[in-house]
Amino acid sequence: HCSGTGDPIGRAVDIDPYEYATVVTLNAASGPSLGQAFLRSCHQRGIRATLVITSSPAAHKDVTGMAQYCSSKDGMEHWARIVAMEQHADSGNRVMTVVPYAVLTEVTRSVMTRDPEEVPLVNYFRQVEAAGEFSSPETCAQQIWRVIADGANGDIVPVGSVVIAERAAAAAS
């Protein structure tokens, strides 16, 4: 399970370069690097691999103050799609992506304390909270385990507040 963090949040010109480089490296490089090492290790030992990459709805959005996060998640999701295609059907290997929608984690809570002028996503999260649509981390984890048990290679599956994912998909079509 390859994930990362959203901090620091803010406009690229306002963030300390070392902090920015750290979060970009964590979000953009750790998933493919760790994922590749895991797949190769399993392959060398003849073990079937199930790799779950964690993306974000932000991968396909332009969220002010989160350029490093959005672009990193988009890149990781793209990497996972390509690597899933590379798996031989008879290997039993699976590379899947989960996309958590509106999960009330500590990271989400910390974002909600930010100034909406600095991070416009704050207003969205506050609306989700007011509507009672946040998913708990436990519910999201159960959904991820279902994906692991039942998912097919290459699947990209919304988890968390699935009602929000369904609304987003309907709006996009």
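Residues numbered from 1 in each chain as written. Predicted model: local features only at pLDDT ≥ 70, side-chain atom pairs only at ≥ 80, totals over all residues. Heavy atoms only, no water.

**Some remarks on the overall build of the protein chain**
Here is the rule: Helix numbers and strand numbers start at the N terminus; a helix is a DSSP run of H or I with at least 4 residues, a strand a run of E with at least 2. This radius of gyration counts C-alpha atoms alone. The globule rule is 2.2 Å times how many residues there are, raised to the power 0.38. Partly exposed describes any residue whose relative accessible area lies between the buried limit of under 20% and the exposed limit of over 50%, with all areas from a 1.4 Å probe on protein chains only and scaled to the type maximum. Whether two residues are in contact is decided by their heavy atoms, any of which lying within 4.5 Å being enough. Residue exposure ignores everything except the shown protein chains as possible cover, and the areas themselves are Shrake-Rupley values with a 1.4 Å probe. In this count, Lys and Arg are taken as positive residues and Asp and Glu as negative ones, while His and the chain termini are left out. Charged groups are reduced to one reference atom each: NZ for lysine, CZ for arginine, CG for aspartic acid, CD for glutamic acid.
A tally of helices and strands in the protein chain yields 6 helices and 3 strands. Over its C-alpha trace the protein chain gives a radius of gyration of 17 Å, about what one expects of a compact globule, namely 16 Å for 173 residues. The principal-axis extents of the C-alpha atoms in the protein chain amount to approximately 50 × 35 × 30 Å. Across the 173 residues in the protein chain, those meeting the buried criterion constitute 40%. The contacts in the protein chain between residues at least 6 apart in sequence include a share of 68% that link residues at least 24 apart. Summed over all atoms, the accessible surface of the protein chain reaches about 9600 Å², with 56% contributed by carbon and sulfur. Positive and negative side-chain charges of the protein chain, numbering 13 and 19 respectively, have mean locations separated by a distance of 6 Å.

**Side note on the pattern of salt bridges**
Counted only if it meets this: Basic side-chain nitrogens of Lys or Arg form a salt bridge, by our definition, when they fall within 4 Å of a carboxyl oxygen of Asp or Glu.
Counting across every chain of the model gives 4 salt bridges. One salt bridge connects Asp14 with Arg11, and the closest N-O pair in it is separated by 2.9 Å. Taking relative accessible area as the criterion, Asp14 reaches 52% and is therefore assigned exposed. Glu133 serves as the salt-bridge partner of Arg167, at 2.8 Å between the closest nitrogen and oxygen. Here Arg167 is found in helix 6 (residues 162-172), whereas its partner Glu133 is found in the loop between helix 4 (121-130) and helix 5 (137-150), with 34 residues between them in sequence. You can call Arg167 partly exposed: its relative accessible area is 44%.

**Considering the nonpolar core**
Soluble globular proteins: nonpolar side chains tend toward being buried together. Selection criterion: In this description, a nonpolar core means a group of buried Ala, Val, Leu, Ile, Met, Phe, Trp, Tyr and Cys residues linked to one another through side-chain atoms lying within 4.5 Å.
Of all hydrophobic cores here, the largest spans 20 residues; its most connected members are Val63, Met66, Val111, Val119, Leu121, Phe125 and Phe134. If you list the elements that add at least two residues to this core, you get helix 2 (67-86), strand 2 (94-101), helix 3 (106-112), helix 4 and helix 6. In terms of residue count, helix 4 provides more of this core than any other element does, 4 residues in total. Contact partners of Leu121, with chain neighbours within four places excluded, come to Val63 and Met66. Ranked by size, the runner-up nonpolar core spans 11 residues in total, among them Cys42, Ala80, Val83 and Val95.

**Quick word on helix 1 (residues 17-45)**
Each full turn of the α-helix corresponds to 3.6 residues, which orients residues three or four apart in the same direction. Our working rule: What a helix should span is 1.5 Å times the count of its residues minus one. Bending is quantified residue by residue as the angle between axes fitted to the seven-residue window ending at that residue and the seven-residue window starting at it.
For helix 1, which comprises 29 residues, the first-to-last C-alpha distance of 40 Å matches the rise-based estimate of 42 Å (1.5 Å per residue) to within 8%. When the local axis directions of helix 1 are compared, the greatest deviation, roughly 45 degrees, occurs at Ala29, which is followed within four positions by the proline Pro32. Three or more residues of helix 1 are buried, namely Val23, Asn27, Ser30, Gly31, Pro32, Gly35, Leu39 and Cys42. Where helix 1 is buried, its residues contact strand 1 (50-54), helix 2 and strand 2. Looking one or two residues past helix 1, Gly46 carries a phi angle of roughly 70 degrees, positive in sign.

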